[in-house]
Amino acid sequence: MTNADPTEPQAAPPSPGEGDGDENLVFLDDGDPGGTGPGDGEAGGCGGSGNGPPGNRWTMLIVDDEPEVHSITKLVLSDFTYKGRKARFLSAHSAAEARRILARESDIALILLDVVMETEDAGLRLVHHIREELQNRNVRIILRTGQPGQAPERAVILDYDINDYKAKTQLTAQQLFTTTVAALRSYEDIVAIDANRRGLEKIIEASSSLFRTRSMKLFAAGVLTQLSGLLGVGPDAILCVQRGPHPRTGTAGSRDGLYVLAGSGRFEALINEPAAGHVDPAVLDAVSACLEKQAHHYARDHCTLYIRTPNDRETVVYLRSGRPLSDLDRRLIEVFCGKISVGFENLHHYEQLYRAQQGTLAALADLAERGRGALTADILADGGADGGADGQADPADSGAAAGDPAGGRFSRSLRIAALTERIARRLHADGRFPESLDESTLEIIGLAAILHDIGNAAINPDILAKPGPLDPAERRAMQAHTVAGAALLDQASHLTDGPTHLHLGAAVARWHHENWDGTGYPDGRTGAAIPLCARIVAVADAYDAMTRDRPYRAAMRHEEAVAEIRRLAGLRFDPAVVDAFLAVAPGIGAVGPDSGASAA
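Keep in mind the model is a prediction, meaning the values are calculated, not measured.

Student: If you had to explain the confidence of the model for the protein chain to someone new, which residues and values would you point to?
Tutor: Per-residue confidence for the protein chain averages 77 on the pLDDT scale, and 74% of its residues sit at or above 70. Low pLDDT (under 50) marks residues 245-253, which in the prediction has 17 contacts with non-local residues, meaning those over four places away or in another chain. Note that pLDDT drops below 50 for residues 372-407; the model gives that stretch 101 contacts with residues more than four away or on any other chain.

Okay, here's the thing in structure tokens:
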């Protein structure tokens, strides 16, 4: 056979009388078929048919203390091919050597194992090591022995997890071929089952972690991360969502209204951008084609995945795989996409409820601060009073009056909520206050911030509307809004089980005017005695008040307000909260009614 390993000795031809063809006995107990060659004892010695990357071949480990057994096995199987894959041979001449090979080789499909080597039961001990210590249940083990009496077949097959038992004197070339194919077929099925199991475990784990997310952007980013991990591919991925006209209504093309919801790798900088004009033309073409065909598409180095929710919302994932995906990969993708489509739909409903809740609370806060006569035509001007960061009534906090459509109380409440949540999430990301800032608190702290001045509903509207400074009696009355608001929200919170934005809002309403150094009101609390949620809202409320026009002063510029809050750290504000505020300050211009993280 011309494909034999040139480093291995050539086996002697069969002796006369032993028969011709495939039925020749290939393992003889007597005689040396050719001696040992220089490479026969080396682990990893390959037959000539094993050229090419190891992953494209069936890796077989021969464990036997007789060198001629290695030579003849490789000779007989030198031209072996099963399902287009040739054989790769590794050699070990003792159980100890086999253990070293098994420790570094992870893709061994078949072991041809002798029983008697350095000890009478060395092979059987190696089987125990493979199955029990290495926990390798996939590799197929064929036990071969020249001394069947040392290891009776019935006892061995019952007591040890082996897959076949052969006596060397009975094993012909054809029998070796048949046994090898049967073992590899079994190995292939077991590996496929194991890969499916691990893939499904990943999907369950990914789905569980994703469904804990309450932000559409975080959920979308998690989808990309989990898909990349599921398939073991690189980070370049993009998720696009259709926000404009439906592509099949005839009113717009598939590129219109297509936005980047999440991106990773080279697409990470495109989040929130319209796909047209920002996404590579080739990628955009693939995404648009997927959207038009409403089906997954698998190319040589990438795939586009079509995700349609139960209510017909459409999302497309472009994932650069760098390789063709296997049938198993595709099946896992289909299962994964089926599960997360429901997640996208549920999260959309959650966002709508959250936004409705935000709007309701902001409207109630607005009405509370307007006082009597609020439900009049002047509500269209978005005017109203604001207690301000110092307790001073600010009746001119009116969007229409100031020429600022975003300056009214309604918008102000949402801005403060968004900034509060940004600061809280920054503290959480930095590992600060883990006992107070868990995920459930992060989800409701923005809603609680909207209610910080709800107690103004109990204040005389004349005081709220007073354009000038308050006298001492009026100031005391004004400061009472903290206690009134806390009492109102505390009463409402009894209608719910567990912590909600009403519980948190009660603490915010009462203590958001307390100062770190104890000079605030209503209780003169200091430092950590002030609830963390109130300390965060105090900074967000102060920044927003500083950057809005007041009857008695013009609005500060962003840089001036940031510098003032930095100056007041340790006096009026918690230094740790100020640090978090300063960290998010560069992006603070994006804070607005629609920028809350939970609703993003």
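Student: Give a detailed account of helix α1 (residues 67-76), specifying residues and quantitative values.
Tutor: Counting buried residues in α1 gives nine out of ten residues, a clear majority hidden from the surface. All of the buried residues along α1 are E68, V69, H70, S71, I72, T73, K74, L75 and V76.

Student: Could you give an account of the pairing of strand β11 (residues 314-320), with specific residues and numbers?
Tutor: The element β11 is largely enclosed, with a buried count of six among its seven residues. Note: strand β10 (residues 302-308) against β11, seven bridges, orientation antiparallel. Paired with I307 across the bridge in β11 is T315.

Student: Explain the packing of aromatic side chains to me, using residue names and the numbers behind them.
Tutor: Following the criterion strictly, the structure yields four aromatic pairs and no others. An angle of 35 degrees between the planes, with centres 5.7 Å apart, marks the rings of W58 and Y82 as tilted. Of this pair, W58 sits in strand β1 (residues 58-63) while Y82 is found in strand β2 (residues 81-82), placing the two residues 24 residues apart along the sequence. This pair shows no difference in class: W58 is buried, exactly as Y82 is. Here the aromatic rings of F267 and Y318 are separated by 6.0 Å at their centres, their planes lie at 80 degrees, and the arrangement is edge-to-face. Highlighted residues: F267 in the loop between β8 (258-264) and α7 (281-293) and Y318 in strand β11, separated in sequence by 51 residues. Overall, F267 belongs to the buried group, its relative accessible area being 2%. Its relative accessible area of 5% is what places Y318 among the buried residues. Over the ring of F433 we find R432; its NZ or CZ atom is 5.4 Å from the centre of that ring. Sitting over the ring of F433, R535 keeps its end group 5.4 Å from the ring centre.

Student: I'd like to hear about the nonpolar core, residue by residue, with values.
Tutor: When a protein is soluble and globular, its nonpolar side chains tend to lie buried together. The biggest cluster of nonpolar side chains holds 41 residues, and the ones touching the most others in it are I423 and F581. Of all the elements, helix α16 (residues 532-546) adds the most residues to this core, at eleven residues. Core analysis: the second largest hydrophobic core is formed by 29 residues, A220, A262, L319 and I333 among them.

Student: Outline the environment of G232, listing residues and values.
Tutor: Positionally, G232 belongs in the loop between α6 (216-231) and β7 (237-242). A relative accessible area of 60% means that G232 is categorised as exposed. Each C-alpha atom of the pair G232 and S321 lies 8.4 Å from the other, and the pair is 89 residues apart in sequence.

Student: So what's going on with the pattern of salt bridges? Which residues, and what values?
Tutor: Inspection of every chain in the model, using the stated rule, returns 25 salt bridges. With a shortest N-O distance of 2.9 Å, R535 and D574 are connected by a salt bridge. Placement of the pair is R535 in helix α16 and D574 in the loop between α17 (558-567) and α18 (575-584), with a sequence separation of 39 residues. Among the residues examined, D574 registers a relative accessible area of 5% and is labelled buried. For E564, the salt bridge goes to R567, with nearest N and O atoms at 2.7 Å. Here E564 and its partner R567 are both found in helix α17, three residues apart, which amounts to about one turn of the helix. By relative accessible area, R567 is classed as exposed at 52%. A cluster of three or more residues bridged by salt bridges with shared partners is formed by D64, E66, D114 and K168.

Student: How would you sum up the sheet that holds strand β6 (residues 164-167)? Please name residues and give values.
Tutor: Sheet architecture is open: six strands sit in the order β2-β3-β1-β4-β5-β6, paired in mixed fashion. Looking along the sheet, the strands with just one partner apiece sit at the ends: β2 and β6. The pairing of β1 with strand β4 (residues 108-114) spans five bridges and is classified as parallel. Its bridge partner lying in β4, L61 is registered against I111. Its contacts with the sheet put α1 on β1, β3 (85-92), β4 and β5 (140-145), and the angle it makes with β3 is roughly 180 degrees.

The rules behind each value
Residues numbered from 1 in each chain as written. Predicted model: local features only at pLDDT ≥ 70, side-chain atom pairs only at ≥ 80, totals over all residues. Heavy atoms only, no water. pLDDT = per-residue confidence, 0-100. Contact = heavy atoms within 4.5 Å. Buried < 20%, exposed > 50% of the residue type's maximum accessible area, 1.4 Å probe, protein only. Helix = DSSP H or I, 4+ residues; strand = E, 2+ residues; numbered from the N terminus. Pairing = 2+ DSSP bridges. Phe/Tyr/Trp six-rings, centres within 6.5 Å; stacked < 30°, edge-to-face > 60°. Lys NZ or Arg CZ within 6 Å of the ring centre and 35° of its normal. Core = buried A, V, L, I, M, F, W, Y, C linked by side-chain atoms within 4.5 Å. Salt bridge = Lys/Arg side-chain N within 4 Å of Asp/Glu carboxyl O. Axes fitted to C-alpha atoms, helices over the stretch in contact; angles between N-to-C directions.

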